[in-house]
Amino acid sequence: MLKFIFWLSFLTVFYTFFGYPMVLSAWRALRAKTIRKGRIFPSVSMVIAVYNEEKVIERKLADLLRLEYPPSLLEIILSSDGSTDRTEERIARWMEKSSGAPPVRLLKSSAHAGKAAALNRGVEHARGEIVLFSDARQLLDSISVLKLVSNFADPEVGAASGELILLERKNGEAAVGIGLYWRYEKWLRKMESEIDSTLGATGALYAIRKGLYEPIPADTILDDVLIPMRIVFKGYRAVFEPEARAYDLLSSRTRNEFVRKVRTLAGNYQLLWEVGALWSPKKNRLFFQYFSHKVARLIAPFMLVLLFFCNFFLLQGFYLVFLILQIIWYGLALWGGMSHEKAHAKAA
């Protein structure tokens with residue numbers, strides 16, 4: 001029984017991080033789907049949910065003026081989720097002194113209800129055929145809107161996700177590990193898109209056909225997964241556009257990245273609990289991809305724990321060598337984490 005659990009755990013982890021990418025590579029080689037892109041200019045409403053963003057909001061607005069898209073076809077909607085700092089004041093001041101296009105609209109809420117409520121409010125007031133979502137912190141490549149909307153020339157495309165480029169801070173502690181993981185994740189998304197659809201979008205930059213939007217629950221954690229997946233359920237594709245880029249800095253602390261990952265995992269558990277269509281191969285044509293990519297990631301940590309503890313009772317030959325390798329691996333991870341925290345404490 002111990003050997004069975006050991007190998008079940010090992011094969012689950014192996015499939016999650018190595019087997020599934022191999023399947024995707026073979027699948028893409030056999031049956032890749034093209035996207036019929038075109039140089040089109042639909043009206044676009046950019047919706048940005050903001051909450052206490054006074055430090056970055058003016059930089060974001062200045063960056064949006066650089067976008068290469070007809071100003072008459074672009075509007076910027078800033079949906080403030082009950083900000084308590086000077087975010088709304090700075091947006092209002094910007095609107096007063098800026099007489100150029102694209103027009104900027106500020107929507108206010110008297111209470112902090114969460115990002116989902118702010119997005120629902122923003123889309124409700126959007127006038128464009130295409131709704132583009134972005135965040136206040138990240139900066140965009142000037143051709144991002146052009147590149148995203150070109151995908152909507154294909155009538156099968158209902159959502160298009162841009163690419164998030166993580167820039168390393170000088171002496172950033174988490175840069176190497178997080179950077180490698182993010183490149184791996186983008187590789188998977190690209191292959192999934194070329195086969196059919198991505199399993200969500202990059203929250204910093206993605207666009208949808210406005211007519212396909214459904215208000216999302218107020219407690220939604222991962223809007224950038226729920227919104228595109230709902231569109232997939234309607235029979236449309238959600239595709240990845242690598243030439244539409246948003247830029248952000250890698251977190252300088254491993255702890256910050258850990259918090260982000262915990263939030264992502266919590267969001268995936270929430271979707272599995274609340275979105276029944278994900279469990280139905282009839283309603284979710286991406287059933288295989290979703291469970292191989294998303295659900296397997298939720299199972300993998302438990303399999304790693306089982307693998308480690310089963311190994312303590314299997315101490316002969318290969319099993320002993322594997323246990324030693326596991327101990328070294330986890331020891332290095334623990335040592336690296338402690339070293340980074342000490343270095344950060346000294347720098348502070």
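Residues numbered from 1 in each chain as written. Predicted model: local features only at pLDDT ≥ 70, side-chain atom pairs only at ≥ 80, totals over all residues. Heavy atoms only, no water.

A. View of the packing of helix H2 (residues 57–64) against helix H3 (residues 87–97). As a packed pair, H2 and H3 sit with axes 9 Å apart at the nearest point and diverge in direction by 35°. At the point where H2 passes H3, the crossing takes the right-handed sense. Here Ile57, Glu58, Leu61 and Ala62 of H2 come into contact with H3, specifically with Thr87, Arg90, Ile91, Arg93, Trp94 and Lys97. (Axes fitted to C-alpha atoms, helices over the stretch in contact; angles between N-to-C directions. Helix = DSSP H or I, 4+ residues; strand = E, 2+ residues; numbered from the N terminus. Left-handed = near helix turned anticlockwise from the far one by under 90°. Contact = heavy atoms within 4.5 Å.)

B. Representation of H3. All of the buried residues in H3 are Thr87, Glu88, Arg90, Ile91 and Trp94. Seen from one end, H3 has its buried residues packed into an arc of 165°, which puts them on one side. Residues of H3 that are exposed and angled more than 90 degrees away from the buried face: Glu96 and Lys97. On its buried face, H3 is in contact with strand E1 (44–50), H2, strand E2 (74–80) and strand E3 (104–107). (Buried < 20%, exposed > 50% of the residue type's maximum accessible area, 1.4 Å probe, protein only. Arc of directions from axis to C-beta.)

C. Representation of the environment of Ala153. One can find Ala153 in the loop between helix H5 (144–149) and strand E6 (157–167). On the basis of relative accessibility, which here comes to 33%, the residue Ala153 falls in the partly exposed class. It is 9.6 Å that separates the C-alpha atoms of Ala153 and Pro42, two residues lying 111 residues apart in sequence. Setting aside its immediate chain neighbours within four residues, Ala153 contacts Arg36, Lys37, Gly38 and Ile40.

D. How the structure looks around the nonpolar core. Ranked by size, the top nonpolar core spans 37 residues in total, and within it Phe133, Ile208, Tyr213, Ile227, Leu271 and Tyr290 carry the most contacts. Of all the elements in the fold, those that place two or more residues in this core are E1, helix H4 (115–124), strand E4 (130–134), strand E7 (205–209), helix H7 (223–233), helix H8 (254–274) and helix H9 (287–311). When residues in this core are grouped by element, the largest group, six residues, is from H7. Phe133 has contacts with Val47, Leu119, Val123, Gly203, Ala204, Leu205, Tyr206, Ile208, Tyr213 and Ile227, leaving out every residue within four places of it along the chain. Counting residues in hydrophobic clusters, the runner-up holds 36 residues, among them Ile57, Ile91, Ala136 and Ala204. (Core = buried A, V, L, I, M, F, W, Y, C linked by side-chain atoms within 4.5 Å.)

E. Looking closely at the sheet that holds E7. Taken together, eight strands build an open sheet; the order of strands is E3-E2-E1-E4-E7-E6-E8-E5 and the sheet is mixed. Two strands lie at the open edges of the sheet, namely E3 and strand E5 (139–140), each paired on one side alone. Bridging between E6 and E7 involves three bridges; their strand directions are antiparallel. By the bridge assignment for E7, Ser161 is matched with Tyr206. Packed on one face of the sheet, H3 meets E1, E2 and E3 and runs near 150° to E3. (Pairing = 2+ DSSP bridges.)

F. Local environment of the pairing of E7. Counting buried residues along E7, four of its five residues qualify, which places the element largely inside the surrounding structure. Pairing analysis gives five bridges linking E4 to E7, with the strands arranged antiparallel. What sits directly across from Phe133, in E7, is Tyr206.

G. Representation of empty space enclosed by the protein in the model. All told, the structure shown has one cavity of 30 Å³ or more when counted by the stated rule. A volume near 50 Å³ is recorded for the largest cavity. Lining the largest cavity are Glu185, Arg189, Thr198, Leu199, Gly200, Ala201, His293 and Lys294. Going through the elements one at a time, helix H6 (175–195) and H9 are the ones with two or more residues in the lining of the largest cavity. Residues of the lining of the largest cavity, tallied by class, amount to two nonpolar, three polar and three charged. (1 Å grid on protein atoms, 1.4 Å probe; cavity = no way out; pocket = protein on both sides within 12 Å on 5 of 7 lines; lining within 4 Å. Points joined across faces, edges and corners; volume = space filled by probe spheres on them. Nonpolar A, V, L, I, M, F, W, Y, C, P; charged D, E, K, R; others polar.)

H. How the structure looks around H7. Extensive coverage of H7 is indicated by the burial of nine of its eleven residues. Among all positions of H7, only Asp223, Asp224, Val225, Leu226, Ile227, Pro228, Met229, Ile231 and Val232 are buried. Of the residues one or two after H7, Gly235 is the one with positive phi, at around 100°.

I. Broad picture of the confidence of the model for the chain. Here the chain averages 88 in pLDDT, and 90% of its residues register 70 or above. pLDDT under 50 marks residues 170–177. Its contacts with residues more than four places away, or in other chains, come to twelve contacts. (pLDDT = per-residue confidence, 0-100.)

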